[in-house]
Amino acid sequence: MESLYGELRAIARREHYRAGSPQTLQTTALINEAYMKLRKRDTWESQSHFLGCAATAIRHILIDAARARLASKRDAPTYSYTQSLDSLAAAVPEDEQVVRLGDALGNLSKLDPNLAKVVDCRFFAGMDERETADILGVTDRTVRRWWVQARAWIHNEMEAA
């Protein structure tokens, strides 16, 4: 954990920046929350396995925080999702979009866990194709194919919501 702190900090900083001003968790708090989720496990198969699990933990933390903020608001407006996953990554997402993305990823993980893991690594952890391929133990080309499939599925799912 200590040797990977720098990478975790980079992931958390990127997600904090992406979340914009409504985000209440600071970078260090996000790392600490992820650590609290991950500390129960004693052994890790590899560094890549740990980073993949950390990406998933960070996703859960950010989605839970967005849900909590939405629950505290009254008459929260509804937004239509018309952007692709790439546009959402580039823009400052609204809490409702983050929650819808979390729900869509939950459904996707039931349908195809590999596609959901690719989204965790690429979108939430900001990893490139090669890093994602190392974590999942597949080729770059497979990651590219899964990323296209996952984005299309999530886009359709969020448009339907």
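Check the entry above for the structure.
I will try to describe carefully the structure that is included in this document. Please read all numbers here as calculations on a predicted model, not as lab measurements. (Residues numbered from 1 in each chain as written. Predicted model: local features only at pLDDT ≥ 70, side-chain atom pairs only at ≥ 80, totals over all residues. Heavy atoms only, no water.)

## Comments concerning the packing of helix α7 (residues 129–136) against helix α8 (residues 140–160)
Packed helices, taken two at a time, are described by the angle between their axes plus the distance between the axes.
And step 1. The contact between α7 and α8 brings their axes to 8 Å, and the two run at 100°. Here α8 runs roughly perpendicular to α7, going by the angle between their axes. Counted together, E129, R130, T132, A133 and L136 of α7 and D140, V143, R144 and W146 of α8 form the full contact between these two elements.
And step 2. Split by residue class, the contact of α7 with α8 holds four nonpolar, one polar and four charged. (Axes fitted to C-alpha atoms, helices over the stretch in contact; angles between N-to-C directions. Helix = DSSP H or I, 4+ residues; strand = E, 2+ residues; numbered from the N terminus. Parallel < 35°, antiparallel > 145°, perpendicular 65-115°, else oblique. Contact = heavy atoms within 4.5 Å. Nonpolar A, V, L, I, M, F, W, Y, C, P; charged D, E, K, R; others polar.)

## Here we look at helix α6 (residues 113–124)
Given 3.6 residues to a turn, an α-helix orients residues that are three or four positions apart in the same direction.
And step 1. Across its twelve residues, α6 extends 15 Å between first and last C-alpha, which sits within 8% of the 16 Å expected from 1.5 Å per residue.
And step 2. When α6 is considered as a whole, its buried residues turn out to be L115, A116, V118, V119, D120, C121, F123 and F124.
And step 3. Measuring from the backbone nitrogen of N114 back to the side-chain oxygen at the start of α6 gives 3.1 Å, which picks out D112 as the cap.
And step 4. Two residues or fewer past α6, G126 is found with a positive phi of approximately 70°. (Expected span 1.5 Å × (residues − 1). Buried < 20%, exposed > 50% of the residue type's maximum accessible area, 1.4 Å probe, protein only. Polar contact = N/O pair within 3.5 Å; in protein donor to acceptor, adjacent residues only side chain to side chain.)

## Some details on the pattern of salt bridges
And step 1. Tallying each qualifying case throughout the model produces three salt bridges.
And step 2. The shortest N-O distance in the salt bridge between R100 and E96 comes to 3.5 Å. With R100 and E96 both in helix α5 (residues 95–111) and four residues apart, this pair spans about one turn of that helix. The pair R100 / E96 is uniform in exposure class, with both members buried.
And step 3. With a closest N to O distance of 4.0 Å, R122 and E129 form a salt bridge.
And step 4. For E129, a relative accessible area of 22% translates into the label partly exposed. (Salt bridge = Lys/Arg side-chain N within 4 Å of Asp/Glu carboxyl O.)

## Section: the packing of α6 against α7
And step 1. Taken N-terminus to C-terminus, the directions of α6 and α7 make an angle of 135°; their axes are 10 Å apart at the nearest point. With respect to α7, the element α6 is oriented oblique. Seen along the crossing, α6 lies across α7 with a hand that is right-handed. On α7, the residues touching N114, K117, V118, C121 and R122 of α6 are E129, T132, I135 and L136. (Left-handed = near helix turned anticlockwise from the far one by under 90°.)

## Thoughts on the state of the cysteines
And step 1. Scanning all chains against the criterion turns up zero disulfides.
And step 2. In this structure C53 is a free cysteine whose sulfur lies 9.4 Å from that of C121, the closest cysteine sulfur available.
And step 3. We classify C53 as partly exposed; its relative accessible area is 25%. (Disulfide = S-S within 2.5 Å.)

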